Protein chains: 2
Amino acid sequence: MSFADRVRHCNSYDPARAMPLWSGEHRIGWLRRDNAEVLARHSEVFAVDDDSARLLPRGDTDTVSRTVDNVVETLVADRRVPKWRNETFDVAPRWGEQPIFRLDRGAVPFFGVRAYGVHLNGYRRDGDNYSLWIGRRASNKQVAPGKLDNMVAGGIGNGYGAAATLAKEAEEEAALTPELIARAAPVGALTYRMETKLGIRDDVMFVYDLEVPTDFVPTNGDGEIAGFELMPLTEILERIRTTAAFKFNVNLVILDFAIRHGVLRPDDPEYLEVANGLHRPLD
Amino acid sequence: MSFADRVRHCNSYDPARAMPLWSGEHRIGWLRRDNAEVLARHSEVFAVDDDSARLLPRGDTDTVSRTVDNVVETLVADRRVPKWRNETFDVAPRWGEQPIFRLDRGAVPFFGVRAYGVHLNGYRRDGDNYSLWIGRRASNKQVAPGKLDNMVAGGIGNGYGAAATLAKEAEEEAALTPELIARAAPVGALTYRMETKLGIRDDVMFVYDLEVPTDFVPTNGDGEIAGFELMPLTEILERIRTTAAFKFNVNLVILDFAIRHGVLRPDDPEYLEVANGLHRPLD
């Protein structure tokens, strides 16, 4: 494996295996063909033809959300969607625009709608040497149990912005104080699109950096992280390159950190492919 | 105008107006159709059909370079290529690989081969307030005369790497000492593809950041910069948004700086489009 392989792994999406999902003039999701066939049974809500699918109901967000939710209930009953926590994501034409409907988080990959999350690199610096606080995901997590993760990460639920989600997750996941959270800086957005068992993940990760004091130790409060470890970035990069220890998308966040902080450099033969590949076009 | 408009301006490339240029199995350039028609007259060197063109000579770099140079001479005579400075760029299948041939810099957009450059953000920081040293390009520059520029920028000529080019340009353009140059950190790579009067620019910019001391003032040594000014980043961003004062691709470098340093933030409606649009895929 190589760094570029980690990027490719998160971009396994194959257009030939999916079709666009439309609402009015907006392309709002990518449906894997087997999932589209299932939606075709709900012809009062979804019009599905050979090459595209369309969400039929129009109107206010609450009404459309309830209609879609009725379909999601049948998908959950058929075990095509693992319904989670009654946490919903906004489905909007574009980031920051009014949502067309809200979708249970568990159904997001089935419909291939774009999902937004935040990732926080909590780091220490000693000259040119960086260390990052790395969490180990709890063994009961639905996605990537036991894998290594950023100090803080989470999906942006409906009604939350990026900064509000970061603040909420940083408090719950790593017990950051409001003073420390306020010092986290947004440093970019990474994008990828991959096929999973459930469908298509079309993800945007808003990345934040926070240099933490040497006397700070993160402690988890919500049971989602089994523990934290401060790791030298050089060791992290070697594990990323040679093992699958890190959650698939966390590899990308840390490669971006290494690029932005001059640890990965243009003389690395993979540099350009990795630096470019972290930013899949938003089509 | 908006920030996203600046990104779109650098990505004006329209595939319908161009065709790929191949060498063996490698796509090495994008030829605008009118340029392809001109190359078709040199059928011993270029095979041109309706949808693609092919460089025919194979062999060692010097031999292929001389053959292409003979064609370039006729393009210069026809004023289709402004021949510059006898400075050549490597044309390789990918960054870091052995060049297939070397091409005079003036002919690079005619053939639409990928060109690589370095850009250095020379900045001061006072808390959350950033200022950047901005150069004004000399009025006799062939590209973007009189426009505002980064403190240091330059194309990567054949045989040079990114770091060596930065060191050379930083000394010539801004009189940076070797000690200061050594503190510049590579922070990423930006990509764009635009149509110009001459053809297609398919550019990669390796970006560097350097925090300069408060007593440092850049001075130009090669006549390419008419003068330098220290500008607050907030003022720079306003000028980028509302004027065409900055060279087209320098807009991208500074938008990237503002994103990486948390000055542009996810709550800006253009954030995602800009952050993503700075990284055109390397196809």
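One can find the structure itself at the top, above this paragraph.
Below: a short report on this structure. (Residues numbered from 1 in each chain as written. Chains lettered and ligands numbered in written order. Predicted model: local features only at pLDDT ≥ 70, side-chain atom pairs only at ≥ 80, totals over all residues. Heavy atoms only, no water.)

Here's the deal with the pattern of salt bridges
Using the following cut-off: One side-chain nitrogen of Lys or Arg within 4 Å of one carboxyl oxygen of Asp or Glu is enough to make a salt bridge. Strands are runs of DSSP state E lasting at least two residues, helices are runs of H or I lasting at least four, and both sets are numbered from the N terminus onward.
Taken as a whole and assessed by the stated rule, the structure comprises 44 salt bridges over all chains. Note that K141 of chain A is salt-bridged to E224 of chain A, the shortest N-O span being 2.8 Å. Of this pair, K141 of chain A sits in the loop between β8 (129-137) and β9 (148-149) while E224 of chain A sits in the loop between β12 (200-211) and β13 (225-232), and the two are 83 residues apart along the sequence. Here R241 of chain B and E238 of chain B are joined by a salt bridge, their closest N and O atoms 2.9 Å apart. Of the two residues, R241 of chain B and E238 of chain B both sit in helix α7 (residues 233-242), three residues apart, roughly one turn of that helix.

Side note on the nonpolar core
To be explicit about the condition: Here, nonpolar core means buried Ala, Val, Leu, Ile, Met, Phe, Trp, Tyr and Cys residues that are tied together by side-chain atoms lying within 4.5 Å of each other. Residue burial is assigned from relative accessible area. The probe radius is 1.4 Å, only protein chains are included, and a residue is buried under 20% of its type maximum, exposed over 50%, and partly exposed in between. It only takes one pair of heavy atoms within 4.5 Å for two residues to be counted as in contact.
Core analysis: the largest hydrophobic core is formed by 62 residues, its most contacted members being F246 and I254 of chain A together with M151, L176 and F206 of chain B. If one sorts the elements of this core by residue count, helix α8 (residues 248-260) of chain A sits on top with nine residues. Not counting chain neighbours up to four residues away, the residues in contact with F206 of chain B comprise P266, Y271 and L272 of chain A together with W95, Y116, G117, V118, H119, I156, A162, G188 and A189 of chain B. In this structure, A4, L233, L252 and I259 of chain B belong to the second largest nonpolar core, which totals 61 residues.

Side note on the relation of the copies chain B and chain A
Quick note on the threshold: Least squares is the method for superposing the copies, and the C-alpha atoms it fits come from residues with pLDDT of at least 70 in both.
Each copy of the sequence occupies a distinct position, and chain B is placed on chain A by a rotation of 180 degrees and an axial shift of 0.0 Å, giving an RMSD of 0.0 Å. Look at the turn and shift together and you get a two-fold axis relating the two. Among all residues of chain B, the minimum C-alpha distance to the rotation axis is found for H279 of chain B, at 3.1 Å. The fraction of interface residues of chain B whose copies in chain A are also interface residues reaches 100%, indicating that both copies meet through the same surface.

Some points on the interface of chain B and chain A
Note: interface size is frequently given as the accessible area lost on complex formation between the parts. Inclusion rule: Accessible-area loss on putting two parts together, using a 1.4 Å probe and summing over both, is the definition of buried area adopted here. We call two N or O atoms a polar contact when they sit within 3.5 Å, provided that within protein one can donate a hydrogen and the other can accept it, with sequence-adjacent residues counted only if both atoms are side-chain atoms. In this classification, the charged set is Asp, Glu, Lys and Arg, the nonpolar set is Ala, Val, Leu, Ile, Met, Phe, Trp, Tyr, Cys and Pro, and all remaining amino acids, among them Gly, are polar.
Every contact between the two is made by 28 residues of chain B and, on the other side, 28 residues of chain A. Between chain B and chain A, roughly 2300 Å² of surface is buried when both sides are summed, and carbon and sulfur atoms account for 63% of that area. Between R94 of chain B and E273 of chain A there is a salt bridge, and its shortest N-O distance comes to 3.6 Å. The interface formed by chain B and chain A contains 13 residue pairs in polar contact (both at pLDDT 80 or more). Looking at side-chain class alone, the side of chain B that touches chain A contains 17 nonpolar, six polar and five charged residues.

A word on helix α5 (residues 162-174) of chain A
Residue and element names in this part refer to chain A. Selection criterion: Take the residue count of a helix, subtract one, and multiply by 1.5 Å to get its expected span. When we speak of the arc, we mean the arc of directions from the helix axis to the C-beta atoms.
With 13 residues, α5 ought to run about 18 Å at 1.5 Å a step, and its terminal C-alpha atoms sit 17 Å apart, in line with that. Burial in α5 covers these residues: A162, T165, L166, E169, A170, E173 and A174. With its buried residues spanning 125 degrees around the axis, α5 presents them on a single face. Summarising the contacts, the buried residues of α5 are in contact with β7 (114-126), β10 (152-155), α6 (178-182), β12 and β13. Backbone geometry just downstream of α5 places A175 in the positive-phi region, at approximately 55 degrees.

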